[in-house]
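Residue-level structure breakdown
Single-letter residue listing:
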Amino acid sequence: MMEMMKAVAVLNAGDVRVVNDVPKPVPGDYEALIRVHACGICSGTDQQIIAGTLENGFGGFPTVLGHEGAGEVVSIGPKVRHIHLGERFIHPNLHTDVGNGYSKTHGSMAQFGLVCDRQAMREDGFDESEIPFPKQHAFPDSISYVDAGVLLSLAECHSAAKNFGAGPGMEILIYGAGPMGIALALFCKLRGAKTIVQIDGVADRLEQATRVAGVDQTVNFSIDDKNRLLAGRYFDLVIDAVGSTSILYEGSGRLKSGGKVCSLGVLKKDDRIVDTARLQCNTSLHMLNFPYGEYKIMDETIALIESSRVDPKDFYSHVFPYTQLDEALRMVRERKALKVILTFTD
């Protein structure tokens, strides 16, 4: 008889709930079963899936949410050689055919998930295209499961700062001071940026950006005239960490000649066409709506955490058990939480 588990699923646009009829995954020969302890709620991708505005990577309703899960290995398949009981992993996944009519996008927001012994499969002659779950990574016991709920977001921002070319002496303007915007500012500073200006409409978030990332100037567009405050200022990089083509156009006008406007926030499916004629001449557009290289830089990100140069606790504000999903989502939706981590321990 098929064993079921609880999970957070979006049944249709706007209808998200805890369900108890998702089949518990059964690990294959090269797979390990993960008991999920925590999962971050992504204010970009997860919220767009719930709203029905995400296009790329969407599995179709009903779908199991979550790509920021963290848990421990509780059983392994017979051919697993490089993964061991008790090891910790982020981004546990589910098979494409979740079962019982569910898809997954990406399935970490559940009581159990899977990782793959990809090294063992390579050693046994499997082609790379045949090996599942390329997005997974072990993390050390020194990082708690709850803190690991932001580990992927931190690595995504770390890789974005590198990919955008943030470096010594640069002047950078960032739109958005959510957890991604603040983390991006911190990693740009760690890469040597000279000046960072951050724009948002929530005072608490701008104060957090100043405290955590040491940004040099904040602009609260809900009370400040940003055009007056930024008059005559031009930047090497302008980064949209919100997800709007209107920000790309506005930000382009704040670039130095030869500068770059960078798209990090996830664009909605009805706002995905960029009119390049509206961008300033002699500037570049760098699209990074979906992460690139975040797992390659994961070990370096973990090292920054272990050396206390980055503190995961600076990037989430609330922890809720999955049984309080509605309250957690309300806090995110109303921007009363910087970021919420759900826990999955009954």
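Presented here is an overview of the structure given in this document.

Okay, the sheet that holds strand E2 (residues 15-23) next. Taken in spatial order, the four strands of this open sheet run E2-E1-E4-E7, and their pairing is mixed. Single-partner strands in this sheet number two, and they are E2 and strand E7 (103-105). Pairs of neighbouring strands in the sheet enclose a mean axial angle of 45 degrees, with direction left out of account. In this structure, strand E1 (residues 4-12) lies alongside strand E4 (residues 63-65), joined through two bridges in antiparallel fashion. Pairing of Ala9 across the sheet is with Val64, part of E4. Helix H10 (residues 325-333) contacts E1 and E2 of the sheet and is inclined by roughly 140 degrees relative to E2.

The next point concerns the nonpolar core. Counting 51 residues, the largest nonpolar core has Ile90, Phe139, Ile172, Leu184 and Ile239 as the members making the most contacts within it. Apart from the residues lying within four places of it in its own chain, the contact partners of Ile90 are Gly69, Ala70, Gln136, His137, Phe139, Ala148, Leu151, Leu152, Tyr295 and Met298.

Before going further, it helps to spend a moment on the packing of aromatic side chains. In the structure shown here, the tally under the stated rule is three aromatic pairs. Relative to Phe126, the ring of Tyr30 has its centre 5.4 Å away and its plane inclined at 75 degrees; by these criteria the two rings are edge-to-face. With Tyr30 in the loop between E2 and strand E3 (31-40) and Phe126 in the loop between helix H2 (118-123) and strand E9 (137-139), this pair connects stretches of sequence that are 96 residues apart. When its relative accessible area of 31% is taken as the criterion, Phe126 is described as partly exposed. Aromatic pair Phe139 and Tyr145: ring centres 6.2 Å apart, planes at 90 degrees, arrangement edge-to-face. For Phe139, a relative accessible area of 5% gives the class buried. The cationic tip of Lys24 hangs over the ring face of Phe112; the distance from NZ or CZ to the ring centre is 4.2 Å. Over the ring of Tyr145 we find Arg88; its NZ or CZ atom is 4.0 Å from the centre of that ring.

The rules we used
Residues numbered from 1 in each chain as written. Predicted model: local features only at pLDDT ≥ 70, side-chain atom pairs only at ≥ 80, totals over all residues. Heavy atoms only, no water. Pairing = 2+ DSSP bridges. Helix = DSSP H or I, 4+ residues; strand = E, 2+ residues; numbered from the N terminus. Axes fitted to C-alpha atoms, helices over the stretch in contact; angles between N-to-C directions. Contact = heavy atoms within 4.5 Å. Core = buried A, V, L, I, M, F, W, Y, C linked by side-chain atoms within 4.5 Å. Buried < 20%, exposed > 50% of the residue type's maximum accessible area, 1.4 Å probe, protein only. Phe/Tyr/Trp six-rings, centres within 6.5 Å; stacked < 30°, edge-to-face > 60°. Lys NZ or Arg CZ within 6 Å of the ring centre and 35° of its normal.

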